[in-house]
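# Per-entry structural report
Given next are the chains, with one letter for each unit.
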Amino acid sequence: METNETCDTSESKGINEFNSVEPTSTPPKSRTSHDNATKVQIPPTSDTPDARPSADPSEVDAKPIVWPSGSSPSDPISVPTGKDNKCYALEGTKKVVIFNQKVFAPRLKLNPRKGTEIDVKSIQNTFKSLDWDIDLYNDCTVAQIREVILKQIQLSEENFAALAIFILSHGEDNGTIFASDYPFRVDHDILFQLAADKSPNLAGKPKLVFVQACQGQETDAGSNVTERDRRRRHTSQDSTSTYKIPNYADFLIFQASFWDHYSFRSSETGSWFIQSLCSSIDQSGTDEALFDILLSVSHSVAINKESNVPNRGHLDKKKQVPLLYSTMLRRMYLKGPMSKSLTDESVGVDSPELEKKVTEGVSALKLEDSKSKKEVSGSQRSLFKRDKTGDGKDCSIM
């Protein structure tokens with residue numbers, strides 16, 4: 001079956017001239033959200049200079065970053081996860097923010113991203129089932145993206161347990177992502193703003209950033225190899241009660257493609273990356289940590305997918321592999337006992353009783369699952385199960 005397959009990259013002609021232009025605010029386009037996402041209103045912005053005085057007390061310069069009550073920037077920030085805990089304690093609101101860019105200003109000469117709404121729906125369905133709150137922002141300008149990060153996250157007094165940001169757009173080879181009006185950078189406009197010293201309400205908490213966008217215009221033809229088994233493990237630890245963490249700890253950035261390379265998206269079935277991610281999460285077991293799930297996503301995209309664009313030879317029969325960066329210090333679980341708040345009225349977070357209770361719960365789940373799957377290990381089982389979903393109507397078979 002042949003479908004219309006495209007790449008999340010910009011056309012090289014007429015784009016680079018905008019990289020050094022400072023974006024200005026424009027009136028926001030209508031914000032829509034599906035039934036399972038929170039509808040968020042972005043106030044209109046004007047085209048006047050940033051220096052214009054305002055009587056509005058909620059203006060950016062008039063409201064400082066909110067530090068925990070009764071503390072100052074020099075005081076330790078209270079976090080729910082103990083220093084030696086091997087898993088994140090997820091207390092509070094688990095928040096998903098989706099920046100979905102489908103149409104762009106004509107001067108950018110970028111094609112509409114057909115099929116992105118399929119990715120949005122998949123993200124919403126997957127994370128709603130895991131009890132995450134979801135905010136959807138469609139076709140934002142650079143100014144509006146920055147405003148969301150500032151007002152809805154940095155200045156928010158909400159008790160976040162974890163944050164996941166999805167950026168669905170076109171991209172360029174210098175790490176640039178396109179808003180509806182101008183390019184912006186994920187590191188400067190997103191990651192730097194979520195660091196512990198700038199967003200104390202997220203200190204010590206998982207901050208996940210998923211980027212569905214091209215990283216350039218190179219393609220990967222792939223190479224034939226013989227079967228080879230390679231496995232990797234890693235754990236992290238730390239020690240005592242008041243301690244210091246790096247401002248850029250607890251980040252995970254997972255992007256659709258390797259540096260300078262295309263990422264593929266179907267107008268009918270969505271992008272390889274987002275669809276594989278949501279499918280892998282949906283089918284994961286309660287004993288699978290986030291890193292294990294993301295490994296299976298990379299495996300699924302890299303092994304099961306190959307482009308089929310016969311009318312565009314430079315894009316035909318190409319491969320894609322996601323790229324993962326992480327400064328996470330602990331395991332994170334999306335399902336099961338460890339995905340929920342570890343607070344209990346009678347039991348402390350770090351108490352032996354609670355640790356024993358959680359361990360027994362996870363062990364019971366593993367035992368029950370292993371009986372049903374017999375001799376196949378958990379990691380093999382999850383990979384085999386998800387690999388089968390590569391057949392059917394996705395981009396690898398068109």
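Below, the discussion takes up helix H5 (residues 290-304). The terminal C-alpha atoms of H5, which comprises 15 residues, lie 21 Å apart, in line with the 21 Å expected from a rise of 1.5 Å per residue. Among all positions of H5, only Leu290, Ile293, Leu294, Ser296, Val297, Ser298, Ser300 and Val301 are buried.

Before going further, it helps to spend a moment on the pairing of strand E9 (residues 251-255). The element E9 is extensively covered by neighbouring structure, given that five of its five residues are classed as buried. In E9, alternate side chains face the same way, and those of Phe251, Ile253 and Gln255 on one face and Leu252 and Phe254 on the other are all buried. Two strands pair when backbone bridges link them, and strand E8 (residues 207-212) and E9 are joined in this way by five bridges, in the parallel orientation. By the bridge assignment, leucine 208 is partnered in E9 with leucine 252. Taken together, the four bridges between E9 and strand E12 (residues 323-326) define a ladder with antiparallel strand orientation. Paired with leucine 252 across the bridge in E12 is serine 326.

As for its placement among the helices and strands, aspartate 119 is situated in helix H1 (residues 116-128). It turns out aspartate 119 is buried and unbridged, and the closest side chain with the opposite charge, arginine 113, is 5.0 Å from it. Within the local environment of aspartate 119, its side chain forms a polar contact with the side chain of serine 271, the two groups lying 2.7 Å apart. Setting aside chain neighbours within four positions, we find aspartate 119 in contact with Leu168, Gln212, Gly270, Ser271, Ile274 and Gln275.

This paragraph deals with the sheet that holds strand E1 (residues 5-7). The strands making up a sheet are joined through hydrogen bonds of the backbone, oriented either antiparallel or parallel. The strand order across the open sheet formed by three strands is E1-E10-E11, and the pairing between neighbours is antiparallel. Edge positions in the sheet fall to E1 and strand E11 (270-271), since each has one partner strand and no second. Where strand E10 (residues 264-266) lies against E11, two bridges are found, and the strand directions are antiparallel. Paired with arginine 265 across the strands is serine 271, a residue of E11.

Reading the values: the criteria
Residues numbered from 1 in each chain as written. Predicted model: local features only at pLDDT ≥ 70, side-chain atom pairs only at ≥ 80, totals over all residues. Heavy atoms only, no water. Helix = DSSP H or I, 4+ residues; strand = E, 2+ residues; numbered from the N terminus. Expected span 1.5 Å × (residues − 1). Buried < 20%, exposed > 50% of the residue type's maximum accessible area, 1.4 Å probe, protein only. Pairing = 2+ DSSP bridges. Lys, Arg positive; Asp, Glu negative; His and termini not counted. Salt bridge = Lys/Arg side-chain N within 4 Å of Asp/Glu carboxyl O. Polar contact = N/O pair within 3.5 Å; in protein donor to acceptor, adjacent residues only side chain to side chain. Contact = heavy atoms within 4.5 Å.

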